[in-house]
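# Observations on the three-dimensional arrangement
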2 protein chains.
Amino acid sequence: MLRRECWLDGASVAADCLYKVVNGAVRTFSVLRDGRRHIAEFYLAGDFFGLETNSTHALSAEAICNSTILVIKRSVLAVLADHDKDIAGRLRDMTNGELGRTQAHVTLLIKTSSERVAHFLLEMADRSPDTSEIELPMSRQDIGDHLGLTVETVSRTLSKFDDAAVIGRPSFRHVTLLDRAALERIQRCERKA
Amino acid sequence: MLRRECWLDGASVAADCLYKVVNGAVRTFSVLRDGRRHIAEFYLAGDFFGLETNSTHALSAEAICNSTILVIKRSVLAVLADHDKDIAGRLRDMTNGELGRTQAHVTLLIKTSSERVAHFLLEMADRSPDTSEIELPMSRQDIGDHLGLTVETVSRTLSKFDDAAVIGRPSFRHVTLLDRAALERIQRCERKA
DNA sequence: CGACGCCTTGATAAATGTCAAACGTCGTGG
DNA sequence: CCACGACGTTTGACATTTATCAAGGCGTCG
């Protein structure tokens, strides 16, 4: 179990283990030479991370609040998977899911700032216990680094949504979805083919 | 075997099969409601595609020149994988590789236009038989849709590289890397952590 | 030779980033 | 308990990047 601000170096530790967020929140990220940081994904309670075993583009991981993390040795998992088809299948499904989410994120990054923020809010809402009340564990900076936007743009976009009564902001880290349909209209994008 | 401009609907066909490019080139893509298109990946001779089995964000595929495609039924593959650990392992490695490439592409999309184009050229060069002579099977529009840029920006960036004697352009679809180090400097970005 | 498609280039506009300042919130220490 | 300071957030003015619109060039194929 790991506690707040524990840090996992992408190059050394991550590839060796699989992790499960028991409670709290984790971000996986990479830092560019010039200091820009990209947050690949946020993982909330119940999520698994560390699935990517590709060595060249390994990500690092950090807890963003007090968190409890379950660590699973890959070597142990491999043995289990060899004997249990169900475990192997679930591993495969998780990797496929991660691939799908990553591809969706790629699509997200070619959109406008409003579309990105709307998508992010809807996604967070869907992952929350209450689908219209969002407790954000991450800062605006984190959101920006995840969406490929600056803090200022994230903040301005949220203000715009607030002005349009699409969301409410009882506090910095707490967002209320007032008009989900509007958000979905803004985030509009994906089509069958 | 499929011929030029054959089209695979992401929703129906793709999830059922795995494909191998015997020769030619294929693009996987999704189209947004407003007409914007995003090309997820280009696949050249020897590459496999159709690994993503995630239903919600399924991609479509198209050949971009005369191509020969090998089609592998997933149901058959599953049976083979059950009996042959080697096949299962290779499937897993391919999926992991795809995940890594997709994550790298996400990182790419937060960079500037020059960095994106430089990265693209280096990647294509590495996948070419001759690592400094690139035959591009795709149009500028395709490159733009892959990098999240407009045709004009792609063209201007190439012209800039040309002016700086970083690349040569004997013809539209043929690029020569004159100064690989410069490209790598431009594309500079990823750091260990 | 001419038409068409693709590519390049230029002028302009829109979106987002940068820089700077003010505001709130929260934790700390007087 | 209140005052202060640090930090995260918001907002504004301005700069830069990239998209958009428009025109012209080049190459290919009928």
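Described in the following lines is the structure provided in the data block. Values in this document were obtained by computation on a predicted structure and should not be read as measured data.

What counts, and where the lines are drawn
- Residues numbered from 1 in each chain as written.
- Chains lettered and ligands numbered in written order.
- Predicted model: local features only at pLDDT ≥ 70, side-chain atom pairs only at ≥ 80, totals over all residues.
- Heavy atoms only, no water.
- Pairing = 2+ DSSP bridges.
- Helix = DSSP H or I, 4+ residues; strand = E, 2+ residues; numbered from the N terminus.
- Contact = heavy atoms within 4.5 Å.
- Axes fitted to C-alpha atoms, helices over the stretch in contact; angles between N-to-C directions.
- Parallel < 35°, antiparallel > 145°, perpendicular 65-115°, else oblique.
- Left-handed = near helix turned anticlockwise from the far one by under 90°.
- Nonpolar A, V, L, I, M, F, W, Y, C, P; charged D, E, K, R; others polar.

## Considering the sheet that holds strand β7 (residues 68-73) of chain B
Each strand in a sheet pairs with another by means of backbone hydrogen bonds, the pair being arranged parallel or else antiparallel. Residue and element names in this part refer to chain B. Spatially, β5-β2-β7 is the arrangement adopted by the 3 strands of the open sheet, whose pairing is antiparallel. Whereas interior strands pair on both sides, the edge strands pair on one side only; in this sheet they are β5 (48-49) and β7. Taken together, the 2 bridges between strand β2 (residues 17-23) and β5 define a ladder with antiparallel strand orientation. Paired with Y19 across the bridge in β5 is F49. Of the strands in this sheet, β2 and β7 are in contact with helix α1 (residues 74-83), which crosses β7 at around 60 degrees.

## As for the packing of helix α2 (residues 85-108) of chain A against helix α2 (residues 85-108) of chain B
One can describe the packing of α2 of chain A onto α2 of chain B by two numbers: an axis separation of 9 Å at closest approach and a directional angle of 25 degrees. In this view, α2 of chain A runs roughly parallel relative to α2 of chain B, as classed from their interaxial angle. Along this stretch, α2 of chain A crosses α2 of chain B, giving a crossing that reads as left-handed. Taking contact as the criterion, the partners of T95, N96, E98, L99, T102, Q103, H105 and V106 of chain A in α2 of chain A are, on α2 of chain B, T95, N96, E98, L99, T102, Q103, H105 and V106 of chain B. Classifying every residue of the contact of α2 of chain A with α2 of chain B by side-chain character gives 4 nonpolar, 10 polar and 2 charged.

## Remarks on the pairing of strand β9 (residues 167-171) of chain B
Residue and element names in this part refer to chain B. By the bridge criterion, 3 bridges tie β9 to strand β10 (residues 174-177) in an arrangement that is antiparallel. The partner of S171 across the bridge, within β10, is H174. Turn length for the β9-β10 hairpin, with the two strands adjacent in sequence and antiparallel, is 2 residues.

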